[in-house]
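# Reading the structure
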Amino acid sequence: MKTRCAVLIAFLAVPCFATDLTGNWVVRDPLPDGTFRTTYLDLHQEGSRITGSIRVTQFYYKIVESTGGPDGFTLTGSMMDGTNERRVKYEGKLEGDELHVATRRRPESELIQMVAHIAPLGEGAMPARLPLPAIHKVAYNGLAKTPPMGWNSWNKFAGRVDDASVRSMADAMAANGMKDAGYQYINIDDTWEAGRDAQGNITTNKKFTDMKALADYVHSKGLKIGIYSSPGPNTCAGYEGSYGHEEQDARIYAAWGIDYLKYDWCGARNIYTDEEMQAVYQKMGDALLKSGRPILYSLCQYGRDDVWKWGPEVGGNAWRTTGDIRDTWDSMTKIGFSQDALAPWAAPGHWNDPDMLEIGNGGMTDDEYRTHMSLWSILGAPLLAGNDLRNMTPAILEILTNREVIAINQDKDGKQGRRIAKVGDQEVWARALSGGAQAFGLFNRGGAPAKITVQLSELGLKTAPAHVRDLWAHNDLKLDGTEYSATVPSHGVVMLRVTQ
Ligand code: GLA
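The written sequence of each chain sets the order in which its residues are numbered from 1. Side-chain atom pairs in this predicted model are given and counted only at pLDDT of 80 or more, local residue features only at pLDDT of at least 70, and totals for whole chains, interfaces and linings cover all residues. The basis for every side-chain value is the complete set of non-hydrogen atoms in the structure, without hydrogens or water.

Turning our attention to the overall build of the protein chain. Per the convention used, a helix needs a DSSP run of H or I reaching at least four residues, while a strand needs a run of E reaching at least two, with both numbered from the N terminus. On a plain count of helices and strands, the protein chain comes out with 11 helices and 28 strands. Each principal axis of the C-alpha atoms in the protein chain carries an extent, and together these give about 105 × 45 × 45 Å. Whether a residue is buried, partly exposed or exposed follows from its accessible area with a 1.4 Å probe, protein chains only, as a fraction of its type maximum: under 20%, in between, or over 50%, in that order. Expressed as a percentage of the 500 residues in the protein chain, the buried residues total 54%. Should any heavy atoms of two residues lie within 4.5 Å, those residues are considered in contact. Long-range pairs, those at least 24 residues apart, make up 63% of the contacts in the protein chain with a sequence separation of at least 6. All accessible areas in this document rest on Shrake-Rupley with a 1.4 Å probe, and a residue is counted as covered only by the protein chains that are shown. Accessible surface computed for the protein chain: about 20,900 Å², of which carbon and sulfur atoms make up 52%. Counted as positive: Lys and Arg. Counted as negative: Asp and Glu, with His and the chain ends omitted from the count. For the purpose of locating charges, the reference atoms are NZ of Lys, CZ of Arg, CG of Asp and CD of Glu. Here the protein chain contributes 53 positive and 61 negative side-chain charges, whose respective centroids are spaced 2 Å apart.

Okay, structure coming up:
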């Protein structure tokens, strides 16, 4: 930053004003958890051209267009997220030694005004790229022989999760029948992190004062505890990631008593390409094994780079196959009904993960939530409840704890179900179960109740089956003849278990 001083009087402090924008500018927004959301504008002005970068915690943009100068400028930043380009625009002007800037989170949202000050050169810069290991196979950790079941904080609480809410979720799960039905993990998602101490050890923010004590508490309820991180310098919510600290973090998780890690790509996209994901994920797979504690390894990179093909190679027990779920019928069905082709990649120890459950979060009807639970069970997907377990209706608890449906999800053969028929809005999905049994889901995605008729031959049954169980009505059905019909409510499901 070059300056021009208003008056030059010896021995008096005089105001000095920047005459160009060059400098490393920072905006530090304090968050209630004691951390900061930081925006760095590392600017270089040459005449009327402004170059440099803009880093908003996990987002790192190169400035690709600029207009104006100190009295009024606009900047356009660009970053690649896999094959997608993300752009941001900032406008601003220099006022004394402050840089006043404004941006919009989305093109249609309101302008956010910020004031940046000069920071030391290099502060906030993206760390240098670390070399990646050669690809090798990480040994299977022996976990998740059936899809993991538990609870995760993100869908309902996002940044509001804290020690007290995690404890109370463990209390609820232990007492409300979920633990007895098979739910096991209490998983803390993003926003628990603070930074690193002088030795590089990851520290927790104000919301989590003692992770070891929290893990002990969850274990005392007969449950297990999970945590979240990123292979990048920052997580998706902009908190501290594990970049360059993989082994150290894994050791710390093990010392705290952590049983599950969700490892979320986000911040790594500024350093590595999608094609390098396998080596990046392998690093933490190795580190977890080396920690000596069995820690379930859940990959979260939104199904990019055909993760199902290499997930098991990096020691992954589950891998997300899609972007984030939302609590809407549209989002849930787009994700759930698009999983058919991935069936061959699921197996005991290694699961396709179409994201966590939204059951009970209020955006869908109970019929729609029954569809959610049925589909995730036929898919052999992780069952991670995402609602407030302390406060749910009996109908929601019944959906989450339907043991007959859970038994389909937890079938020990671990064969993911597939779509076997689709006519208009009606779909039939089937899952082969251990001992030669089968599960069928008759789904009605349409806006009105519909009669769904299936020929027994379509279900692969030669003769009328010996035993047919309706898993939501909890009764046995009589099947004779060559077909089966059911009236399925709009957005609802009939789910059957059939033994020949
Ligand atoms: C990503 C993940 C979500 C959640 C958030 C947390 O969006 O896909 O499941 O973990 O990050 O920031």
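Moving on, we get to the pattern of salt bridges. The working definition used for a salt bridge is a side-chain nitrogen of Lys or Arg within 4 Å of a carboxyl oxygen of Asp or Glu. One pass over the full model with this rule turns up 30 salt bridges. Glutamate 65 is the partner of arginine 87 in a salt bridge, and the nearest nitrogen-oxygen pair spans 3.4 Å. Note that arginine 87 is positioned in strand S8 (residues 84–95) and glutamate 65 in strand S6 (residues 59–69), a separation of 22 residues in sequence. For glutamate 65, a relative accessible area of 41% puts it in the partly exposed group. Where lysine 334 meets aspartate 330, a salt bridge forms, and the shortest distance between an N and an O atom there is 3.1 Å. On the criterion of helical spacing, the pair formed by lysine 334 and aspartate 330 is a turn pair, its members being four residues apart in helix H8 (residues 329–336). Since its relative accessible area comes to 56%, lysine 334 is described here as exposed. Taken together, the salt bridges that share partners define one network made up of Asp81, Arg269, Asp274 and Arg304.

Paired through their backbone hydrogen bonds, the strands of a sheet run either parallel or antiparallel. Here we have eight strands rolled up into a closed barrel, ordered S3-S4-S5-S6-S7-S8-S9-S10, and antiparallel in their pairing. When strand polarity is set aside, the average angle formed by the axes of neighbouring strands in this sheet is 30°. For two strands to be treated as a pair, DSSP must find at least two bridges joining them. Interaxial angle, 0 to 180 degrees, is taken between N-to-C directions of lines fitted to C-alpha atoms, where a helix line uses only the stretch in contact.

As a further point, take the packing of H8 against helix H9 (residues 366–378). The interhelical angle for the contact between H8 and H9, taken along N-to-C directions, is 20°, at an axis separation of 11 Å. If you check the angle between H8 and H9, you find them roughly parallel. Both H8 and H9 take part in a crossing whose hand is left-handed. For the pair H8 and H9, the contacting residues are Trp329, Met332, Ile335 and Gly336 in the first and Glu368, Thr371, His372, Leu375 and Trp376 in the second. Broken down by class, the residue content of the contact of H8 with H9 amounts to five nonpolar, three polar and one charged. By the definition adopted for this analysis, an angle is roughly parallel if under 35 degrees, roughly antiparallel if over 145, roughly perpendicular if from 65 to 115, and oblique otherwise. A clockwise turn of the near helix away from the far one marks a right-handed crossing, whereas an anticlockwise turn of less than a right angle marks a left-handed crossing. Note that Gly is not counted as nonpolar here; it falls among the polar residues with everything else outside the nonpolar set of Ala, Val, Leu, Ile, Met, Phe, Trp, Tyr, Cys and Pro and the charged set of Asp, Glu, Lys and Arg.

To pair, rings of Phe, Tyr and Trp, with the six-membered ring standing in for Trp, must have centres within 6.5 Å; the planes then decide the type, stacked if under 30 degrees apart, edge-to-face if over 60, and tilted in the middle. This structure, assessed with the given rule, holds 12 aromatic pairs. Consider the rings of tryptophan 265 and tyrosine 281, whose centres lie 6.1 Å apart with planes at 25°: the pair is stacked. Here tryptophan 265 is found in the loop between strand S16 (260–264) and helix H6 (277–291), whereas its partner tyrosine 281 is found in helix H6, with 16 residues between them in sequence. The same class applies to tryptophan 265 as to tyrosine 281, namely buried. Taken together, the ring pairs connect Tyr263, Trp265, Tyr281, Tyr297 and Trp310 into an aromatic cluster. Note on criteria: charge over ring means Lys NZ or Arg CZ within 6 Å of the ring centre, with the direction from the centre no more than 35 degrees off the ring normal. Here the basic side chain of arginine 167 rests over the ring of tyrosine 217, its NZ or CZ set 4.9 Å away from the ring centre.

As a further point, take unusual backbone geometry. If you check the backbone angles, alanine 144 has positive phi at about 55° while not being a glycine. Within the secondary structure layout, alanine 144 lies in the loop between strand S10 (112–118) and strand S11 (149–152). You will see that aspartate 355, though not glycine, has its phi angle at about 90°, which is positive. With relative accessibility at 2%, the residue aspartate 355 sits in the buried group.

Close to the ligand lie 13 residues; Asp189, Asp190, Lys262, Asp264 and Asp324 are nearest. Pairing of N or O atoms within 3.5 Å defines a polar contact, subject to two protein rules: one partner must be a possible hydrogen donor and the other a possible acceptor, and residues neighboring in sequence count only if both atoms are side-chain atoms. Within the contact set of the ligand, an oxygen atom lies 2.8 Å away from a side-chain nitrogen or oxygen of lysine 262. Separating an oxygen atom of the ligand from a side-chain N or O atom of aspartate 324 is a distance of 2.5 Å. Within the complex, 92% of the 300 Å² of free accessible area of the ligand lies under protein. Its residues assigned to classes, the shell around the ligand comprises seven nonpolar, no polar and six charged. Only heavy atoms are used to decide nearness, and a residue is near a molecule or strand if one of them lies within 4 Å of it.

Right, let's talk about the side chain of asparagine 361 for a bit. Mapped onto the secondary structure, asparagine 361 falls in the loop between strand S19 (351–353) and H9. For asparagine 361, a relative accessible area of 18% puts it in the buried group. For asparagine 361, the side chain forms a polar contact with the side chain of glutamate 358, separated by 2.8 Å.

This brings us to the pairing of strand S21 (residues 418–423). Summarising the sheet, S21 and strand S22 (residues 426–432) pair through five bridges and their orientation is antiparallel. Bridge pairing links alanine 421 to valine 428 in S22. Between the antiparallel neighbours S21 and S22 lie two residues, among them glycine 424 with a positive phi of about 55°.

Moving on: the environment of leucine 132. In this structure, leucine 132 sits in the loop between S10 and S11. In this structure leucine 132 comes out as partly exposed when scored by relative accessible area, which is 24%. The sequence separation of leucine 132 and glutamine 278 amounts to 146 residues, and the corresponding C-alpha distance is 9.7 Å. When neighbours within four sequence positions are excluded, leucine 132 is seen to be in contact with Tyr272, Glu276, Ala279 and Val280.

In short, the description is geometric, and any link to function would need to be established separately.
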